Amino acid sequence: MDILSLFVVLPIIVIIALVFTNNLKQARQIAMTGSLIQLGMAINLLFAYIKEESINDSIFVFTKDIVWFEQFNIHYNIGVDGISVALILLTSIIVLAGVFISWKTYDLPKEFFISLLVLATGVYGFFISIDLFTMFLFYEIAVIPMYLLIGIWGSGPKEYSAMKLTLMLMGASALLLVGILGIYLNSNADGGPLTFSILEISQVDIPFEAQKLFFPLTFIGFAVLGALFPFHTWSPDGHASAPTAVSMLHAGVLMKLGGYGVFRVAMFLLPEGAMVWSWFFIILAATGVIYGAFAAIRQTDLKYINAYSSVSHLGLVLFALLMLNKTAWNGAILQSLSHGFMTALFFALIGMIYTRTHTRDITKLGGLLKVIPFISVIYVIAGLASLGLPGFSGFVAEMNIFVGAFQNEDMFHRVLTIISVSAIVVTAVYILRVVGIMLMGPVKNESFLSLPQATWYETTGVLLLLLPIVAIGVAPLWLSDMILKSIQPFLQGVL
Amino acid sequence: MGLSVLTWALILIFMGGAGKSAMFPLHIWLPDAMEGPTPVSALIHAATMVVAGVYLVARLFPMYYFVEEGFVLNIVAYVGAFSSLFAAIIAITQTDIKRVLAFSTMSQIGYMMMALGVSGYDGHEGVGYMASMFHLFTHAMFKALLFLGAGSVIHAVHSNYLKDMGGLRKHMPITNITFLIAALAIAGVPPLAGFWSKDEILVAAFENNQFLYSIGILVAGLTAFYMFRLYFGIFWGKETNYAHKPKESPRSMTIPLITLAIFSVVVGFIPFSEYVTADRLGFVAHINYPLAATAVLIGLLGIVLAWIFYKKENDLAERFAEAFGFFYKWASNKFYFDELYLFITRKLIFKRISAPIAYFDKKYVDGTMEGIGNKTVVVANKIKGMQSGKVQDYAFGFISGVVVLAIVFIYLWTN
């Protein structure tokens, strides 16, 4: 078994093991062990990649190619570069943290962890695929369990939210499928067989007309998952209804699939289409950045605040990708990672606050810093990271994005960059507003005085997420070097 | 606007520095940050954080000086001078002693900015730059001393307000003496530290821009006045009946006071101009006796006025406040800048931008998506009648279909 396929196979083995468990204790132990092994594998992959990358200068390493469905030339074709390695590491950390945070899932624990791991399988598969069809398949595998996870273990209008989320993402998938088939049908410019292989297609000149037609389909198809304005409305409702671990995985990992797909497929295979359309999507992305931030100010539900904050932060990822230069792309990938850890941390903390106080309405909370200091302090740290304080990962990412964006010298890019930069200030407003109302001030409810402190599993989950935020913030260079090297081959198309 | 990118960049950097250094109109955070504990206030306001903006401009001074012949530097000078006057006027009207000190800090930093703004580059031309850094250095000593002294007083009387204080010189001798030294230093009385640095600033202003010099000298007088208003108000003035008899603070608080007081006396004698200059070459600074004498006289005048107003309990101050009625109220409310900011944030951003966006998102963006979903259901409801389950309906549909297709085919065939 090769090092990459293991990422898909291991969750399946864990799922099979989970089928034979019959209580919460067994289920969570197996899920934890499985996720722990995955984290170990991801770290191992990181080191293996660094070693391999120094002697092997192809775009993807550890590649493997098995013919799967010969008639359509579909392959099980896998391989990774620095970007996917980093995202796999992100996924493994968030899955493990998610398992810790769901330590006390009393309702149908077995089924819960199974769904969670199916989702993880889809995500890992997506990140290792370099065949369009396999990629799309795993993408769908990742989206479907979300419906069950929200619909069954959610809260509030959970069926409605689950339906909305799934339908909107399915609608996006339909566009994406057309886009991918369009690329496929134009992949034999020199008369050879049609192919789904990303590497082979990147060598082909897809006709300009086809690029112009299929770029927006592919872009929107992926970007809906990246909360592109105005297709973001599934996200606040979805997050609000989802159980904690699902919100974490969803915002932390699943929404990253959007940006990653845009980068890997839309930008790489349809660079001319990207250049034609970029102005239009830049406007949408910049609108999302500023709009999400302002909408977040007005919310009172913690999860809605964070969901709109994600719209704003992920808008920046798309914004940076559309800037079509190295620095901005580096920033986009870093922002994906940084937002992944940060938002997962936020949702974990919100979940912890909710299980204690049974409300997510900030106007009903107050003075939490006095009663649950650990959770509150971490919340403040996560907030500071989110508003881009130097020393945390958000700063590194945003710095790269804005410097890269400003390298485009025309008025259009500059004005939109300045508008997007101003969202940082708005971010500070909604973060500090929550800190001020919820954590500071008098304790509003007598019953809050006896709230329990964070338990060991909650602490572990939270620290797992905090560590990378600080690590990236303090020492970003090794990561950014790895990403920059991987971006290099992708730049040729747009230069 | 016909300015180069570099000029805009320098203006923006200055604006960033102005925000950090509490220059008008980005000053409103500073007095409110007074809610922090006194040692923190001392650190923020006196020595380190708040002068970062001045330091930033000073670090980039060659750029400010040479780009567009110092156009941005002029902005720096006027913003500094205005902030300094503005803050000094507000300081006279405040009753919370820490707020007086906060506005005093803003005023002194305005002084430093002004000095940078009027400075030249080569040799003695760069006296403004030198004076600015010198004042930054000496100001740190006596302002930290003033804050810690205020902390000592607040610790003793459990109040921040001047009305709860008075006659403390008998109860707190060490705090009294050290506070007096700091107040004399900031008022520019020789030979204390503030005299030397302030004198250099005024020299620089006099040599480059007489108008700014006149503002500077006015602010010097106001500084002396409000500082001694504070001093007399706390340590002299009316004998307040204290619920708990105030006593001198413990040694952990008085030792820092004494240390800083010593520094406030001696640091002025450091030949600063030999080490810190704009062009990195030292020069020897000379005292300009007429200017120094004017500054000292103005300072003494301020002290004397404060002495008349506040040494003994009297109603002179109240009568003056009434005479200036409107203006006094305006100044004591900090010229309503807090209200302006609250208007912008609460009324404009929160109510006029944020709330409509949230509404728009729910109602229209999400509404459209909902609408698509609902329409699908409506259409489904409309056409579900076709699946009636009645064999007769299906047979009818089937036969009609065959007939229609037959007609179409025959039509096509015959053509």
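Up top is the structure.
This text gives an overview of the structure that appears in the document. Source: prediction; values computed, not measured.

### Overview of the overall build of chain A
Working step 1: When its secondary structure is counted, chain A shows 19 helices and two strands.
Working step 2: Each principal axis of the C-alpha distribution contributes one length, and for chain A these read about 75 × 60 × 45 Å.
Working step 3: A burial count over chain A gives 58% of its 495 residues as buried.
Working step 4: Intrachain contacts of chain A at a sequence separation of at least 6 include 79% that bridge at least 24 residues.

### Let's talk about the overall build of chain B
Working step 1: When helices and strands are counted, chain B shows 17 helices and zero strands.
Working step 2: At 34 Å, chain B has a C-alpha radius of gyration far larger than the 22 Å of a compact globule built from 415 residues.
Working step 3: A principal-axis box enclosing the C-alpha atoms of chain B has dimensions of 120 × 60 × 45 Å.
Working step 4: A burial count over chain B gives 42% of its 415 residues as buried.

### Describing the interface of chain B and chain A
Working step 1: On the side of chain A, 10 residues touch chain B, which itself brings 11 residues to the contact.
Working step 2: Considering only residue class, the side of chain B that touches chain A consists of seven nonpolar, two polar and two charged.

### Quick notes on the pairing of strand E1 (residues 61–69) of chain A
Residues and elements named next belong to chain A.
Working step 1: Note that E1 and strand E2 (residues 74–80) share six bridges and pair antiparallel. For valine 61, the partnering residue across the bridge sits in E2 and is valine 80.
Working step 2: Two successive antiparallel strands, E1 and E2, enclose a turn made up of four residues, where asparagine 73 displays a positive phi of approximately 60°.

### Describing the nonpolar core
Working step 1: One finds Ala97, Leu318, Ala320, Leu345, Ala348, Leu349 and Leu465 of chain A to be the most contacted residues of the largest nonpolar core, which totals 186 residues.
Working step 2: One finds Val51, Leu168, Ile215 and Phe235 of chain B within the second-largest nonpolar core, a separate group that totals 113 residues.

### Focus on the packing of helix H13 (residues 326–357) of chain A against helix H15 (residues 373–386) of chain A
Residues and elements named next belong to chain A.
Working step 1: The N-to-C vectors of H13 and H15 enclose an angle of 150°; their axes lie 10 Å apart at closest approach. Comparing their axes, H15 and H13 come out roughly antiparallel. Of the two elements, H13 crosses H15, and the hand of that crossing is left-handed. Facing Met342, Leu345, Phe346, Leu349, Met352 and Ile353 of H13, the residues of H15 in contact are Ile375, Ile378, Tyr379, Ala382, Ala385 and Ser386.
Working step 2: Each residue belonging to the contact of H13 with H15 can be placed in one class, and the counts come to 11 nonpolar, one polar and no charged.

### A few points about helix H18 (residues 456–474) of chain A
Working step 1: Here H18 of chain A spans 26 Å end to end across 19 residues, near enough to the 27 Å set by a 1.5 Å rise per residue.
Working step 2: Its buried side turned inward, H18 of chain A meets helix H3 (82–101), H13, H15, helix H16 (393–406) and helix H19 (477–491) of chain A.

### Quick word on unusual backbone geometry
Working step 1: The omega torsion across phenylalanine 229 of chain A and proline 230 of chain A is 0°, close enough to zero to call that bond cis.
Working step 2: As for its placement among the helices and strands, proline 230 of chain A is situated in the loop between helix H8 (208–223) and helix H9 (234–241).
Working step 3: Here the bond from phenylalanine 24 of chain B into proline 25 of chain B is cis, since omega is 0°, no more than 30 degrees from zero.
Working step 4: Tracing the sequence through the fold places proline 25 of chain B in the loop between helix H1 (5–20) and helix H2 (29–32).
Working step 5: Its identity is not glycine, yet alanine 227 of chain A carries a phi of approximately 55°, on the positive side.
Working step 6: Mapped onto the secondary structure, alanine 227 of chain A falls in the loop between H8 and H9.
Working step 7: Positioned with a positive phi, alanine 22 of chain B is a non-glycine residue whose angle comes to about 55°.
Working step 8: You can see alanine 22 of chain B is positioned in the loop between H1 and H2.
Working step 9: Alanine 22 of chain B sits in the buried class, given 25 other C-beta atoms within 10 Å.

The rules behind these values
Residues numbered from 1 in each chain as written. Chains lettered and ligands numbered in written order. Predicted model: local features only at pLDDT ≥ 70, side-chain atom pairs only at ≥ 80, totals over all residues. Helix = DSSP H or I, 4+ residues; strand = E, 2+ residues; numbered from the N terminus. Buried ≥ 20, exposed ≤ 12 C-beta atoms within 10 Å, placed from the backbone. Contact = placed C-beta atoms within 7 Å. Rg over C-alpha atoms; globule rule 2.2 N^0.38 Å. Nonpolar A, V, L, I, M, F, W, Y, C, P; charged D, E, K, R; others polar. Pairing = 2+ DSSP bridges. Core = buried A, V, L, I, M, F, W, Y, C linked by C-beta atoms within 7 Å. Axes fitted to C-alpha atoms, helices over the stretch in contact; angles between N-to-C directions. Parallel < 35°, antiparallel > 145°, perpendicular 65-115°, else oblique. Left-handed = near helix turned anticlockwise from the far one by under 90°. Expected span 1.5 Å × (residues − 1).

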